[in-house]
Each structure stands twice: as structure tokens, then as C-alpha cells.
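Next come the chains, spelled out residue by residue.
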Amino acid sequence: MTQTVRSRHHDIADDLRRQITTGRIKPGERLPSEVGLAGQYKVSTATLRSALAVLQGEGLVEKIHGKGNFVRHRFRKIMYVGGWGTLDPWTATDTALRVTDRATAIEARGHLAALLRVPNGSPMTEFLSISYQGESPHSLARIYVPRELGPTGLLGDRPSYVRTEQCFAVLSPLSAEVRETVSARPPTPDEASTLRINPTTAVLAITRVAADTAGRIVEAALLVFPGDRVDAVFTTHHVIDERQT
């Protein structure tokens, strides 16, 4: 009995996958309700949800809370330019990204306070930037700036739109040195929920810290890109000793 149920939900996944890959069901299209699909395939809703989970894990289908299951748009890669954190304007434009930016007043605690080298409770401004391709979230950034150094007049509950290629860039004009730590890891539950990705999907995580000429940390950023959506490029400039020329 277990083998029959397992085979059936894979059969359903195969059929839906075929319809998606051949274009019969198009990117951005909403699938019929789970109850409707279960009736169409003559299976229980539990079996139908197992089939959808297979397609969600493959990145073909995403479930949007309160709206239903949708065929994902095929994500195109963008280029993250290391150092000052801009997105390459050619790939960002080609991918037709749009970005929302939200500023919130917070207090630095724990890891964030240590990253910024400030006491617990220090006032900060958090800038949450989420890029979208179509209606699907593509990548995200959380940028933290000491309250007294942050741009004024940006706090509020409503997100604003920002220039795509500058959305993840270093904000502080006082920055003189930027250090980035890059790692591949599973997403946190919050990241997986925000980006609507499978919790087992690898993400490229970049922790960026900017300091002024005196060594004071003026900004910290936590950037998260699903691994199949970005190429990160870093350029090294060799310093020439003028005494040898």
C-alpha cells in the first residue's frame, strides 16, 4: 500500500512537470486548487500535496500563502560585484529585477552588536531590501547602520522602490574599507520563508562590514542569494610600491 501511494504521487508530479516544461502550464500561472487537482487525479489531498512538494523542491512550483500554488518564473542569474556591493547593471536589467527597500529603527543585540562592535542596545537603522523577478522574491539584504550615521527621513512602515543596481550597495559615505566573508549554507527558516525556497536549497551568504578611516564600523550587511541565482565577482587590485618604479 505504501509503495502504491508513493508511486501515485510521483506519477502526478511527472504529469504536472511535463505540462510545465512543455509550456502547457505557463510561468506565473496559478494551478487549480489542491482539492480540484486531487479530484482531477482521483487521489487524496495528502497524496496531491506530496506531489506538489516534489515540484516545490525542484523549484518548479511555489506555494504563496493565501493565494495557492503557482508555476515559478525561471530565475536568471545576476552578478554581485564584490567590494562595494552593487549588482551588475546589465544582468540586473536583463533579469528585470525590481527592489523594495524598508527602513526600521532597531537596537543592536548579540551577534549584530558584536559585528558592529557596539554595546548591546545601541540604536541602529535596518534597511531590508528584497529583489523580485516578476512576483517571486529573488534575493535579500539586511543592511545595518548606526542611527546617527544613517540617511534621515527613511523610517516608516511602507516599503519604497530603489535603483536595482544600487540596492545592495554600501550605504555609508564614510566607508573607507570593506571586508566581505562569503559562505555557502542552508537558509535560515526566515530566509527560506522570505525567498520562498526549499529549506534544503543552498544559499550564498555574504557578510559585509564597512569601516571608516579610523577603523570604526559604520555599516554591516547580511546578503543572501539562492545559489542558482547569482555569480559573485571579486577583483583584486595590486598595490605598486612607487619606490621601486
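We now turn to the structure provided with this report. (Residues numbered from 1 in each chain as written. Predicted model: local features only at pLDDT ≥ 70, side-chain atom pairs only at ≥ 80, totals over all residues. Heavy atoms only, no water.)

Further remarks concern the overall build of the protein. When helices and strands are counted, the protein shows six helices and 12 strands. Among the 245 residues that make up the protein, the fraction classed as buried is 41%. A fraction of 65% describes how many contacts in the protein between residues 6 or more apart in sequence connect residues 24 or more apart. A total accessible area of about 13,900 Å² is found for the protein, and carbon and sulfur atoms account for 53% of it. (Helix = DSSP H or I, 4+ residues; strand = E, 2+ residues; numbered from the N terminus. Buried < 20%, exposed > 50% of the residue type's maximum accessible area, 1.4 Å probe, protein only. Contact = heavy atoms within 4.5 Å. Areas by Shrake-Rupley, 256 points an atom, 1.4 Å probe, with all protein chains shown as cover.)

Attention now moves to the nonpolar core. Judged by nonpolar contacts, the single largest core of 18 residues is most densely connected at Tyr80, Leu87, Phe168, Leu223 and Phe225. Every residue in contact with Phe225, bar those within four places of it in the chain, is listed here: Ile78, Tyr80, Leu87, Ser139, Phe168, Val203, Leu204, Ile206 and Val230. The next biggest cluster of nonpolar side chains, apart from the first, holds 16 residues, and it includes Ile12, Leu16, Leu37 and Leu48. (Core = buried A, V, L, I, M, F, W, Y, C linked by side-chain atoms within 4.5 Å.)

Here helix 3 (residues 45–57) spans 18 Å end to end across 13 residues, near enough to the 18 Å set by a 1.5 Å rise per residue. When helix 3 is considered as a whole, its buried residues turn out to be Thr47, Leu48, Ala51, Leu52 and Leu55. All buried residues of helix 3 fall inside an arc of 140° around its axis, so they share one side. (Expected span 1.5 Å × (residues − 1). Arc of directions from axis to C-beta.)

Next up on the list: the packing of aromatic side chains. The full count for this structure, using the stated rule, is three aromatic pairs. Centroid distance Tyr80 to Phe225: 5.6 Å. Interplanar angle 55°. Geometry classified as tilted. With a gap of 145 residues between them, Tyr80 in strand 3 (residues 78–81) and Phe225 in strand 11 (residues 217–226) connect regions that are remote in the sequence. One aromatic cluster is present, formed by Tyr80, Phe168, Phe225 and Phe234 through successive ring pairs. Across from the ring centre of Tyr132, 4.7 Å away, lies the NZ or CZ of Arg98, which sits over that ring. (Phe/Tyr/Trp six-rings, centres within 6.5 Å; stacked < 30°, edge-to-face > 60°. Lys NZ or Arg CZ within 6 Å of the ring centre and 35° of its normal.)

With that settled, the discussion passes to the environment of Ser7. For Ser7, the position within the fold is in helix 1 (residues 2–21). Owing to a relative accessible area of 30%, Ser7 belongs among the partly exposed residues under this scheme. Sequence separation between Ser7 and Thr47 is 40 residues, and the spatial gap between their C-alpha atoms is 10.0 Å.

Moving on, we get to the layout of surface pockets. Volume-wise, the largest pocket comes out at about 570 Å³. Lining the largest pocket we find 25 residues, and of these Glu58, Gly59, Leu60, Val61 and Arg72 sit closest to its centre. Where the lining of the largest pocket is concerned, the elements lending two or more residues are helix 1, helix 3 and strand 1 (61–64). With three residues, strand 1 is the single largest residue contributor to the lining of the largest pocket. Class assignment for the residues of the lining of the largest pocket results in nine nonpolar, eight polar and eight charged. (1 Å grid on protein atoms, 1.4 Å probe; cavity = no way out; pocket = protein on both sides within 12 Å on 5 of 7 lines; lining within 4 Å. Points joined across faces, edges and corners; volume = space filled by probe spheres on them. Nonpolar A, V, L, I, M, F, W, Y, C, P; charged D, E, K, R; others polar.)

Right, let's get into the pattern of salt bridges. Tallying each qualifying case throughout the model produces 12 salt bridges. When the shortest N-O distance is used, the salt bridge between Asp15 and Arg18 registers 3.1 Å. On the criterion of helical spacing, the pair formed by Asp15 and Arg18 is a turn pair, its members being three residues apart in helix 1. For Arg18, a relative accessible area of 47% puts it in the partly exposed group. The salt bridge partner of Asp190 is Arg142, with a shortest N-O separation of 3.0 Å. One end of the pair, Asp190, is in helix 6 (residues 189–195); the other, Arg142, is in strand 7 (residues 136–146), and 48 residues separate them in sequence. By relative accessible area, Arg142 is classed as partly exposed at 22%. If you follow the salt bridges from partner to partner, you end up with Glu34, Arg49 and Lys63 in one network. (Salt bridge = Lys/Arg side-chain N within 4 Å of Asp/Glu carboxyl O.)

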